[in-house]
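Observations on the model geometry
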Amino acid sequence: MDILIQSRTYQFSLKWLHYVLISLTVIVISISFLWGLPLEMPMGDSYIHFLYARNLVQYKELAFNPGLQEGIGTSSILWVLVLAVFQAMGVSPLIMAKILGVSFLILCGLLVFELTQQLLTQQAQQKRYLIATAISIVAVCSGSMMWLALSGMETLLFLFLGLLCLWLYFRESWTLLGVALGLLALTRIEGITLAGIVTLVELIRRRRIDRILVKILAPLTLILIPWFLYLQIREGAPISTSFAGRQFVVSEVNQRIITQFPIFYWLQKFNPLIHYIVWAFYTLMYIAGSASLPGPKFHLGGNLVGTELVVPVASILISMLCLPIIYVSLKHFFGSIKTLSFSESNQRLQIVMISWVFVFNLALVQDDFPVFCHPPVWDQHQLLENCVPRQYRFSGECEKTSRSLY
């Protein structure tokens, strides 16, 4: 008995050592990013959430411009509510957004650590801990993840809740899973895709709607219905106007890529692929850092505002070296799919995780403009009137209130 207790104590201490290593790594790198610019936000979208949170506390209105109840421009009501709680406590949303972003990034690292261990069950415990820690640090300490954590956006809250849902699903904590899925969908509506995948997998596994599915779907429904009803009563649709606005933005960006850079003109024949091709190009050039590599470069052209697309030759060579690795990974992946079973919890976790990654990215593809965004004449003013909610049109008062957030 004493040996068993000592063994469990050792395992517990070893796991906490890895927890501390992951947490300290995130904190140190975050401080290095924040050094010299502790309050600035890298993108303007963050201030939309900040203003909604401030107006909710000060004016008791869910509005961008106080007194103007037209449209809901925030894409994340849960993030607004979280920021509003701290705003009511007197904490600036600019400061709190960064603290929460780094905190959620740490929690994401710990959840990646836990989930990775469930996929490495054949490894010895110490080796499994080392591999899981390395994967976790690489995953959460990349430049893009740090940028998102310090951006003031809801992305890390969404990612944390998504990973938490996967962990709860593996642990079969069904009621808590339903709550987490509801909060995930309130953070971003795309989160509902994970709820759909979990429901489908459990239906296939159980072949009927039983009490387990009720435990998942009941809290999910109870959390979402009040928000959807509010949107339906106020806006006449169960989704916020920011969702329609985002459809317009994505479609407009795709169209501009095609028209302003002639080398990509052929993409218009494969419109759904634009998202993936642009994502792959952005990942290679900026997330992987290929844009800063030395040596000769290919110039792919520029647009009217002076944006130049340049691809270093070295990045092409690196991409070619990566192709064999990608091939081996895909071969292993598709080979392992054949052996996956719904009866094993760690294998169900893989099925849900892989399916969510696929469906979530597929949901981002926007094939065309929304129906209401087809004005007969391509006039900028008409586009603004037809497609852009009024709360997106910044006024002098909006600029003044943005500055007051500091």
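Residues numbered from 1 in each chain as written. Predicted model: local features only at pLDDT ≥ 70, side-chain atom pairs only at ≥ 80, totals over all residues. Heavy atoms only, no water.

**Comments concerning the packing of aromatic side chains**
Selection rule: Put simply, two rings from Phe, Tyr or Trp (the six-membered ring, in Trp's case) pair if the centres are within 6.5 Å, and we call them stacked under 30 degrees between planes, edge-to-face over 60, tilted for the rest. A run of DSSP states H or I qualifies as a helix once it reaches four residues; a run of E qualifies as a strand once it reaches two. Both are numbered from the N-terminal end. Using a 1.4 Å probe on the protein chains alone, a residue whose accessible area is under 20% of its type maximum counts as buried, one over 50% counts as exposed, and one in between counts as partly exposed.
Enumeration according to the criterion identifies nine aromatic pairs in this entry. Relative to Y19, the ring of W16 lies with its centre 5.3 Å away and its plane at 75°, an arrangement referred to as edge-to-face. With W16 and Y19 both in helix 1 (residues 2–34) and three residues apart, this pair spans about one turn of that helix. Owing to a relative accessible area of 45%, W16 belongs among the partly exposed residues under this scheme. Classification of Y19 as buried rests on a relative accessible area of 15%. Taking 5.4 Å as the distance between ring centres and 25° as the angle between the ring planes, the aromatic pair formed by F104 and F160 counts as stacked. Within this pair, whereas F104 is found in helix 4 (residues 93–118), its partner F160 is found in helix 7 (residues 155–171), the two being separated by 56 residues in sequence. On the basis of relative accessible area, F104 is assigned to the buried category, the value being 13%. Every member of this aromatic cluster is reached through a ring pair, and the members are W16, Y19, F113 and Y129.

**Re unusual backbone geometry**
Unusually for a residue other than glycine, E172 sits at a positive phi of about 60°. Locating E172 in the fold gives a position in the loop between helix 7 and helix 8 (174–187). Classification of E172 by relative accessible area gives partly exposed; the value is 34%. Phi is positive for R207, which is not a glycine, with a value near 65°.

None of this, on its own, says anything about what the molecule does.
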